[in-house]
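Results of the structural survey
In case you want the letters, here they are:
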Amino acid sequence: MSVILISLIAVVLASGCVREDDLTGDQRIYQLSQQLMCPVCDGQTLDQSQAQLSEDMKAVIRQKIEDGDSNQQIREYFVERYGEIVLASPDAGGFNLIAWLMPVVIFLGGALLVGNAFLNMRRRHRFNGGETHNSKSQDVESVGPQPPSDDEMDEYLERAKREIASAIGEPDRVPPVQQETQENQ
Amino acid sequence: MDQIGTIAIWLGVAVSAYAAVTCILGARAGIPEMIVSGRRAVYMALLAALVASVALIVAFITNDFSIKYVANNSNIVMGRGYTLVAFYAANEGSLLYITLALALMSSISIRLSPPRFSVAMPYTIAILAVVLAFFFATLATLANPFETQPIVPADGSGINPLLLHPGMYSHPPLIMAGLVGITIPFAFASGALISGVYGDDWVDIARVFAIVMWGILGIGMLLGAWWAYTILGWGGYWSWDPIENVALMPWLVLTAFIHSIMVQRRRGMFRMWNIVLINIAFVLAQLGMSINRGGSVVSVHSFAESSLGLLFLSFMALSLAFAFVIFIWRYPRLRSERAIESFMSREASFLVNNFLLLVVTSITLWGVVYPVFSNLARDIDVSVAAPYFNRVNGPVLLLLVIVMGIGPLLPWRRTTTRSLQRWLLVPAAASSLTVIGLVAFGITEVWAVVAFAAVTFAALAVFEEWWMGVRARVRNLREPHVVAFWRLISGNRPRHGGYIVHIAVLSVAVGVIGTQFFDQRFDAAIAEGESLVLEDYRIEYVDRRSHDRPDRFAQWARIDVYEIDQSQYSNEFNIAEANGKAGFTLTTQPRPGDKLVGQLEPSHEFFRNFNQVSVRSGIKTNPVEDLYVIPRDFLQDEKGERVSLAVSINPLAMWLWIAGPIFLLGTAIALWPHPALERSARRRRSIDSQIVDTVSATMKA
């Protein structure tokens, strides 16, 4: 089963890469207009904005594609004119490498923390010798300890409260756990 | 009106401050009457917020332009229906709305809190009251919506045109209420922590309110997406804008929380972690409100812009410090009763789910702050928008979908490899079939194929479980299938409600994959009587209508949509392809096979006062794809009168919106109370935790 899956994924991976020159001119304009910000609109890409400037910029892109510029050259052209802020996502290089590396660091760091926490818990579980109640059933619904009956529970709690109260020497001050209290109505 | 409003706001300051002080003093001194009084003061705060809100609405209805806020956000021609929208259209009013929402939800939650939670209640009330007092005080001093102006204008300047849409009744108020509402589960968690009675009881009530806020935020975001898609003419529905992100982040953390508290309810584990999660959600919600108030980040949502961003940021820092201190203070007592036994268990899958959700949250937060960071570090402004987030969050979200499929298949505690294999068989087979099918259909986008396979897997995991449950009931109890399904769902509502929400999330995933990977786009200007062809559609521009109003100039393009037989147009398609075009234009001459399938009337409105364009797209939708038409502009030039159209085909977009009702249904079922189940869940908790509560309560008494 897994062999089939892996080989399928491999086939798909091998066949699936789209390169810039596979795209039509229109597709490249569309692609670039999603990668460039409209300089006069708050937080909108060329593709989203209704501003005249972004129409003009798209016309420039069309011209440059016809002149044979690559996407990277066109991006650089706009960066020169408007600064880095015109790119919808920073290029992965120089200082901006931090922007791209941080997600990887977050993922790996988190994975390390969670893995560690998990191993600790496992160790603690083993140290405690596992839980004692039976778990012969693998059924999803009914795993876990059977709850004590209401009567057992109430009796047990009642006794616990009495013992605690007498232990601290104030037998009549039973705390309001599990009781309807006037105060909250 | 302005005086009534201002007085009500100051009263709100007084009663909420009073509530906070009396509750804490009452709890410390052990005087129940003070706590009762403090609780009632919160109801008074609700009354104060209500009075102020009614006063503002009356001011809008009576066109009281002596009040600055009214003059700035409405005018005489504004439809009365939009009074409510104008109410929260800008900073001051939206703050009043937030205060009202928090006061209302606080009162409800206090009213509904179960008696067994009474020891912790004073602290919970105090926390709610402090937050309320903060909002009231900000309203009273820095952002009073009732501020008057000496010169009363004859007419107001009108509401922002982007807000003139029925979607405005739902999207912004839901998001604001959802964000501020996270205060409630936070207050219950912190109240329990401070009081020292934090067994597991706070989780029950925090769960209810966390799910409510989570549902509100989720639906709010979905409506916002729908609104952006239909009205703003972006063609998109989610652009990873900072304001969208700050609503998404608390939602993601709440998602982690409502999964993780299941483990606490069921197995008494993850106690510390759940407190941490609700604290993070609360702080992120504060961050959201702070960014909403303007300041450090650039966003399309700059409606409520003001100088209050910094104040809210300080309040967030205070909340963070507060949460941190009480957590450290109570840390030693927050031990879990049990530990995870096996990596192949429901508990472990929740751990992975929490990890992935927090990774997406952290990465998103990083993307939001990176421009600020870059500016501070090297004085260069950068943008971080959709391309970044799609690339870094996409793979993690894909992993989440896969975990969403595996998690429900794993039983609590541990399982055997054999039993897991048995359960995995059907979903794995189905997703392999999906891959084969897609590749056979010639779809070669790797990520899309993998994503569709993951979605199939997760969906089949849920359906398999439902099918097995129904089959068992039919076989053993001789119930008809429908009845069996109904009883299965209502027998464990939190769980099956959750599965229904999973289906909704998968529906969104289908829409996202379709629109992200397979959208087609063609822009062209055509004259009346000309057509534009893209894929299977011919779009004929019939004519233009226009309407000149005092505040705007509105134009509509009437468009006929035909489905075509591509072979009739093979010549044109070949030329277009040779020229690198996605589509082509032509003078209309109906050819055989053309079939009229619909008419669209997208509009383009120019608002003079605001110098702003607002477009409404024309959408022809079906489950397979949307034909989406935006009139970019109406041109008058040497070629005559033309309309510049942006036409796209957005595959599977409808599934984004189908998710909405499913999401609501699932959330409602998860919330649908089930007293017997609740009782047994409480009893299931070990006696130890109740003893701990009893001891600590006695020590206090």
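Remember, it's a predicted structure, so these values are computed and weren't measured experimentally.

1. Looking at the overall build of chain B
Assigned secondary structure in chain B consists of 22 helices and eleven strands. In chain B, buried positions account for 61% of the 701 residues. Pairs at least 24 residues apart make up 76% of the contacts formed inside chain B by residues separated by at least 6 positions. Surface summary for chain B: the accessible area is close to 26800 Å², and the carbon and sulfur share equals 64%.

2. Examining the packing of aromatic side chains
For the structure on display, the rule yields 36 aromatic pairs over all chains. On the numbers, 6.0 Å between centres and 75° between planes, the contact of F60 of chain B with Y69 of chain B is edge-to-face. F60 of chain B sits in the buried class, given a relative accessible area of 1%. Y69 of chain B sits in the buried class, given a relative accessible area of 4%. The structure contains a cluster of three or more aromatic residues connected by ring pairs, namely W100 of chain A together with W238, W240, Y388 and F389 of chain B. For R538 of chain B, the ring lying beneath its charged end belongs to Y562 of chain B, and the centroid distance is 4.3 Å. Here R545 of chain B stacks its cationic end above the ring of W556 of chain B, 4.7 Å away from the centre of that ring.

3. Description of the nonpolar core
With 153 residues, the main nonpolar core has F135, W202 and F257 of chain B as its most contacted residues. Setting aside anything within four residues of it in sequence, one finds F257 of chain B in contact with W202, A206, A210, N274, L277 and I278 of chain B.

4. What about helix α11 (residues 271–292) of chain B?
The end-to-end C-alpha distance of α11 of chain B, which contains 22 residues, comes to 32 Å, matching closely the 32 Å that a straight helix rising 1.5 Å per residue would cover. Within α11 of chain B, 18 of the 22 residues are buried, leaving the element largely enclosed by the surrounding structure.

5. Here's the deal with the environment of G38 of chain B
Residues and elements named next belong to chain B. Relative to the elements of secondary structure, G38 occurs in helix α2 (residues 32–61). Separated by 22 residues in the primary sequence, G38 and S16 have C-alpha atoms spaced 8.4 Å apart. Beyond its immediate chain neighbours, meaning those up to four positions away, G38 contacts A19, T22, C23 and I125.

Calculation criteria
- Residues numbered from 1 in each chain as written.
- Chains lettered and ligands numbered in written order.
- Predicted model: local features only at pLDDT ≥ 70, side-chain atom pairs only at ≥ 80, totals over all residues.
- Heavy atoms only, no water.
- Helix = DSSP H or I, 4+ residues; strand = E, 2+ residues; numbered from the N terminus.
- Buried < 20%, exposed > 50% of the residue type's maximum accessible area, 1.4 Å probe, protein only.
- Contact = heavy atoms within 4.5 Å.
- Areas by Shrake-Rupley, 256 points an atom, 1.4 Å probe, with all protein chains shown as cover.
- Phe/Tyr/Trp six-rings, centres within 6.5 Å; stacked < 30°, edge-to-face > 60°.
- Lys NZ or Arg CZ within 6 Å of the ring centre and 35° of its normal.
- Core = buried A, V, L, I, M, F, W, Y, C linked by side-chain atoms within 4.5 Å.
- Expected span 1.5 Å × (residues − 1).

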